[in-house]
Amino acid sequence: MRRFFTGLLAAGLMMTLAGCGSGETAAPAGGTLYAMDTVMNFAYYNTDGGDADTAYTQTTQEIERLEQLLSRTRSDSEISQLNGAGGAPTIVDGEVAAIIADALTYSTATDGAFDITIAPVVTAWGFTTDHQQVPEQSELDRLLKSVDYRRVSVDGDTVTLGAGQSIDLGGIAKGYASDRVKAILEKNGITSAMASLGGNVYVRGSKPDGSAWRVAVQDPKNTAAYAGVLSLTDSFAVTSGGYQRYFTQDGKTYHHIIDPATGAPAESGLTSVTIISPDNGTMCDAFSTALFVMGEKKAIDFWRTGGYNFEMVLITADGRVLVSEGAAKHFEQEKGSGYAYETIPRTAP
Ligand code: AMP
Ligand code: MG
């Protein structure tokens, strides 16, 4: 299984690191972490006197704490306790309850395209282990009966799952972690920083030289290449792609983003979805997963009329890169990529 590819490459980080020691800018605090089942990169600068080393130490501790709290493969996590409660009301950490409540909000907003009760189906495909397999349709049909976010309730710190349900926060946890990274950077007075949490990027301020951070959108056909580059300041940018985690059986590829309507990897005609927003990494993460499931038409309708503040880049299996009007101002096409580029207007033509 390919586990280590992220949807977004922080091109800015790579350029910055390559220049370490030779330019005017001091080396950043940061480094590479393997956590939450992915590779993470961080580069924090002391430009305005902020304490970048402290911010990075706090970041690594916070990510370890969140992994412990939110993982469903760690038997001692709060989520494992909730999943093992057999539908009994369970008191969880207030933070966990709030994340689950947020997840339910995004499920409602996306009409169930994002649904954390997909957990038993994800398990059947083996995506929580190193042994993936194609489940029998009869098994999927049986498991799908317990997939329904409307049967989860959150009342203060008490969470109750429906009978047979379990939850998987894998579609939202890294986005939440990126929100926490933003808070840590704020608290420590860091005004120039880049954090890449396996496809979930947060850039703070601009690069130390004053230019925007450059965040590359990977080409799903060739993950060593880009389909384009976003120039961003103070933004979250989160990609979901079928190429990020998958396995192949009998010549067919199966990826990790499941359509809750079918129980199978979503075949929506999209190969990657990047969501960009200035204010909410958790939302970006939920919507990148959801819009991947929705497909082009529903995703565009949702962007136009869903009432949420975000921009997006969609890549289609038939070779188009669709860039929403607000993102187009920040997007640079990759010449020679073979894609046809289109801007999606804010109002339907
Ligand atoms: P992401 O990489 O953010 O798109 O999230 C994919 C991960 O979220 C998968 O590895 C599963 O753990 C989980 N997941 C898969 N399909 C869904 C879905 N439709 N709604 C919510 N979570 C999902
Ligand atoms: Mg996601």
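It should be noted that the structure appears before, not after, this text.
Calculation rules
- Residues numbered from 1 in each chain as written.
- Chains lettered and ligands numbered in written order.
- Predicted model: local features only at pLDDT ≥ 70, side-chain atom pairs only at ≥ 80, totals over all residues.
- Heavy atoms only, no water.
- Phe/Tyr/Trp six-rings, centres within 6.5 Å; stacked < 30°, edge-to-face > 60°.
- Helix = DSSP H or I, 4+ residues; strand = E, 2+ residues; numbered from the N terminus.
- Buried < 20%, exposed > 50% of the residue type's maximum accessible area, 1.4 Å probe, protein only.
- Lys NZ or Arg CZ within 6 Å of the ring centre and 35° of its normal.
- Axes fitted to C-alpha atoms, helices over the stretch in contact; angles between N-to-C directions.
- Parallel < 35°, antiparallel > 145°, perpendicular 65-115°, else oblique.
- Left-handed = near helix turned anticlockwise from the far one by under 90°.
- Contact = heavy atoms within 4.5 Å.
- Nonpolar A, V, L, I, M, F, W, Y, C, P; charged D, E, K, R; others polar.
- Donors = N, O, S within 2.8 Å, 3.2 Å for Na, K, Ca; no water.
- Near = heavy atom within 4 Å.
- Polar contact = N/O pair within 3.5 Å; in protein donor to acceptor, adjacent residues only side chain to side chain.

Caption draft 1: Layout of the packing of aromatic side chains. One pass over the structure, following the stated rule, counts 17 aromatic pairs. With centroids separated by 4.6 Å and ring planes inclined at 35°, the aromatic side chains of Tyr202 and Phe236 adopt a geometry described as tilted. Highlighted residues: Tyr202 in strand β8 (residues 200-204) and Phe236 in strand β11 (residues 235-241), separated in sequence by 34 residues. Residue classification places Tyr202 among the buried positions, given a relative accessible area of 1%. Judged by its relative accessible area of 0%, Phe236 falls in the buried class. Here the aromatic cluster, defined as three or more aromatic residues joined through ring pairs, consists of Tyr106, Phe287, Phe302, Tyr308 and Phe310. Across from the ring centre of Tyr149, 5.6 Å away, lies the NZ or CZ of Arg150, which sits over that ring. Stacked on the ring of Trp303, the Lys or Arg Arg346 has its end atom at 4.0 Å from the ring centre.

Caption draft 2: Here's a closer look at unusual backbone geometry. At Met36, a position not held by glycine, the phi torsion is positive, near 50°. Within the element layout of this structure, Met36 appears in the loop between β2 (29-35) and β3 (38-45). Its identity is not glycine, yet Asp37 carries a phi of approximately 65°, on the positive side. Within the secondary structure layout, Asp37 lies in the loop between β2 and β3.

Caption draft 3: Representation of the packing of helix α7 (residues 173-187) against helix α8 (residues 281-294). At their nearest, the axes of α7 and α8 sit 7 Å apart, and the two run at 160° to each other. Our classification of the angle between α7 and α8 gives roughly antiparallel. In the packing of α7 onto α8, the handedness of the crossing is right-handed. Where α7 approaches α8, its residues Ala173, Lys174, Gly175, Tyr176, Ser178 and Asp179 are matched on the opposing element by Gly281, Thr282 and Asp285. Its residues assigned to classes, the contact of α7 with α8 comprises two nonpolar, four polar and three charged.

Caption draft 4: View of the coordination of the magnesium ion (ligand 2). Distances from the magnesium ion (ligand 2) to its protein donors, Gly171 (O), Asp285 (O), Asp285 (OD) and Thr289 (OG1), fall within 2.0 to 2.5 Å. For the magnesium ion (ligand 2), the donor residues sit on a single chain with the sequence spacing G-x113-D-x3-T. You can see Asp285 and its partner Thr289 sitting in helix α8, four residues apart, about one turn around the helix. For the residue pair Asp285 and Thr289, the accessibility class agrees, reading buried in each case.

Caption draft 5: Representation of the site of ligand 1. Taken together, 14 residues lie around ligand 1, and Asp115, Asp168, Ser240, Ile258 and Thr289 are the ones closest in. Here an oxygen atom of ligand 1 and a backbone polar atom of Gly171 are 3.0 Å apart. Here an oxygen atom of ligand 1 and a side-chain polar atom of Thr289 are 2.7 Å apart. Within the shell around ligand 1, the residues separate by chemical class into six nonpolar, five polar and three charged.

Caption draft 6: Geometry of the packing of helix α2 (residues 52-70) against α7. Contact geometry for α2 and α7: axes closest at 10 Å, N-to-C directions at 150°. With respect to α7, the element α2 is oriented roughly antiparallel. Considering how the two elements wind past one another, α2 and α7 form a crossing that is right-handed. Contacts between α2 and α7 pair Ala55, Gln58, Thr59, Glu62, Ile63, Arg65, Leu66 and Leu70 from the former with Ala173, Tyr176, Ala177, Arg180, Val181, Ile184, Leu185 and Lys187 from the latter. A class-by-class count of the residues in the contact of α2 with α7 yields ten nonpolar, two polar and four charged.

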